[in-house]
Amino acid sequence: CDWSSDVCSSDLCRMAYRDLNEFVERLRILGELKEIAIEVDPELEISAITDRVVKKKGPALLFTNVKGYPGVPVLTNTFGSDTRMALALGTDSFESIAAEIAELIQPRIPSSLKGKVQMLSKLTRLKDLGPKTVKSGACQDVVETDNPSLADIPIIKCWPKDGGKYITFPQVITKHPRMGTRNVGMYRLQVFDDQTLGLHWQRHKGGAQHYRVAEEMGQRLEVAISLGPDPETMYAGTAPLPDEIDEFMLAGFLRRKPVELVKCKTVDLEVPANAQYVLEGYAEPGERRVEGPFGDHQGYYSHADEYPVFHLTAVTRREKPIYPTIIVGPPPQEDGPLGKATERIFLPLIRTQLPEIVDMNLPVEGIFHNLAIVSIDKRYPGHAQKVMHALR
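Residues numbered from 1 in each chain as written. Predicted model: local features only at pLDDT ≥ 70, side-chain atom pairs only at ≥ 80, totals over all residues. Heavy atoms only, no water.

For the rest of this paragraph, the subject is the pattern of salt bridges. Summed over the entire model, instances satisfying the criterion amount to 25 salt bridges. When the shortest N-O distance is used, the salt bridge between Asp41 and Lys67 registers 4.0 Å. Of this pair, Asp41 sits in the loop between strand S1 (33–36) and helix H3 (45–55) while Lys67 is found in the loop between strand S2 (60–63) and strand S3 (74–76), placing the two residues 26 residues apart along the sequence. Overall, Asp41 belongs to the partly exposed group, its relative accessible area being 23%. The residue Lys55 makes a salt bridge to Asp51 at a minimum N-O spacing of 2.8 Å. In this pair, Lys55 and Asp51 are both assigned in helix H3, four residues apart and thus about one turn of the helix distant. We classify Lys55 as partly exposed; its relative accessible area is 34%. A residue is classified by how much of its surface remains accessible, and Asp51, at 15% relative accessible area, is buried. Where salt bridges share partners, they join Lys175, Arg182, Asp246, Lys263, Asp268 and Glu270 into one cluster. (Salt bridge = Lys/Arg side-chain N within 4 Å of Asp/Glu carboxyl O. Helix = DSSP H or I, 4+ residues; strand = E, 2+ residues; numbered from the N terminus. Buried < 20%, exposed > 50% of the residue type's maximum accessible area, 1.4 Å probe, protein only.)

This part covers unusual backbone geometry. Peptide bonds are trans in most cases, and residues, glycine excluded, mostly fall at negative phi. Residue Pro293 follows Gly292 across a cis peptide bond; omega there is 0°. With respect to the helices, strands and loops of the structure, Pro293 is situated in the loop between strand S15 (289–291) and strand S16 (294–295). Cis peptide bonds are those with omega within 30 degrees of zero, and the linkage from Pro331 to Pro332 qualifies with 0°. Turning to its location among the elements, Pro332 is positioned in the loop between strand S20 (323–324) and helix H10 (335–345). At Asn77, a position not held by glycine, the phi torsion is positive, near 55°. Topologically, Asn77 is positioned in the loop between S3 and helix H4 (82–88). One non-glycine residue, Arg256, adopts positive backbone phi at about 60°. Assignment of secondary structure puts Arg256 in the loop between helix H9 (247–255) and strand S12 (260–263).

Take the pairing of S1 next. Of the strand pairs in this sheet, S1 and S2 are connected by four bridges, and their pairing is parallel. Its bridge partner being in S2, Ile36 is matched across the sheet by Phe63. (Pairing = 2+ DSSP bridges.)

Ordered in space as S4-S12-S13, the three strands form an open sheet in which the pairing is mixed. At either end of the open sheet lies a strand with only one pairing partner, and these are strand S4 (132–133) and strand S13 (270–272). Relative to S13, S12 runs antiparallel, the two sharing three bridges. Within S13, the residue paired with Lys263 across the bridge is Glu270.

In the predicted model, the protein chain carries a mean pLDDT of 90, and the fraction of residues at 70 or more is 90%. Low pLDDT, under 50, characterises residues 1–13; the stretch is placed with 23 contacts to residues that sit more than four places away or in other chains. (pLDDT = per-residue confidence, 0-100. Contact = heavy atoms within 4.5 Å.)

Attention shifts here to the environment of Ala314. As for its placement among the helices and strands, Ala314 is situated in strand S19 (residues 309–317). Ala314 sits in the buried class, given a relative accessible area of 0%. In sequence terms Ala314 and Gly281 are 33 residues apart; their C-alpha atoms lie 6.8 Å from each other. Contact partners of Ala314, with chain neighbours within four places excluded, come to Glu144, Thr145, Pro148, Thr266, Val278, Leu279 and Glu280.

By secondary structure assignment, the location of Gly207 is in helix H7 (residues 206–216). Taking the C-alpha atoms as reference, Gly207 lies 9.1 Å from Val223; in sequence the two are 16 residues apart.

Moving on to the sheet that holds S3. The strands making up a sheet associate through hydrogen bonds between their backbones, and the pairing can be parallel or antiparallel. An order of S1-S2-S3-S20 is seen for the four strands of this open sheet, with the pairing classed as mixed. In the strand order of this sheet, the two ends are held by S1 and S20, each with one partner. Examined bridge by bridge, S3 and S20 share two bridges and lie parallel to one another. For Leu75, the partnering residue across the bridge sits in S20 and is Pro324. Together, S1, S2 and S3 form the strand contacts of H3, whose direction differs from that of S2 by roughly 160°. (Axes fitted to C-alpha atoms, helices over the stretch in contact; angles between N-to-C directions.)

Take a look at the structure:
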């Protein structure tokens, strides 16, 4: 793909970004990135600037002079437009990805020998898109295990009454203590101090289930937190996949190339080799700490409550990392295009269970999980209620 061009064909551009740095350079070339060289404060100021830019449908922002954190840029509004979201997934249409998924779910068996061979080739390529472990990666250019600290990471505070600074765009990686299956989720993380975080995984989330099982077994749950891998892998961490389906497999499908993982230094987990930062640690069974309040999507502060605690055992990072973050607040926000991509991409999967659904819209005003507008091929009285309950 000619990255100096503003014309992007899905057939040509569905290729993997090496890392977030390459995506940032792509945005810079296309005029989708604004670099801010004046000094900005990570407490409230970055979020205030970003909130205004997002609401004006502005560019991605790279703050290169963050107060107290020389040499570590902060990236915001990365996916804050449909254009950048499409660029992140290497497509000119989310519908084309949805069509590809639909073909995999319910393939049309070709009648000719040539067609069958081509279909077999496609399925073989899909098998090869699972994550693979490599010996080394840029995420471990610098390794801190003796006295690891969060103090050198420009974690921002978004809103005045937030309980503290929050990591808002992580990929939180855990494994089921019994089955060994991996979950990658995006959960907010409150900074309690330089060695501990609040793990805000709600009770229905995959990470929460892994923690419950670990508690039942009376053992700590190992946790790894990836910050800023390639954009496809960042998106995959937000995707609503079924329990125990590996999000790195989805990332490999979107990238058309396996996600490369490296073994952590202090926990038995694997993380994206191309991440900017990796935080390694664990959550003890039975330990809780008050997390929150937090300025949430609806424009209100969510109540403080008790959540598990992450204890830091290692920080690994690139030699020159970028810190990606996202603002949570009243819509429109950067999660709008992320949610729209999910709406279109996952529609074929929903139709496998509810084939009567014609189309759906998760409007940004409903923050994608509070309101759904669904059209159906109505076949009998009460059919709409059946679909409503199924979607819940």
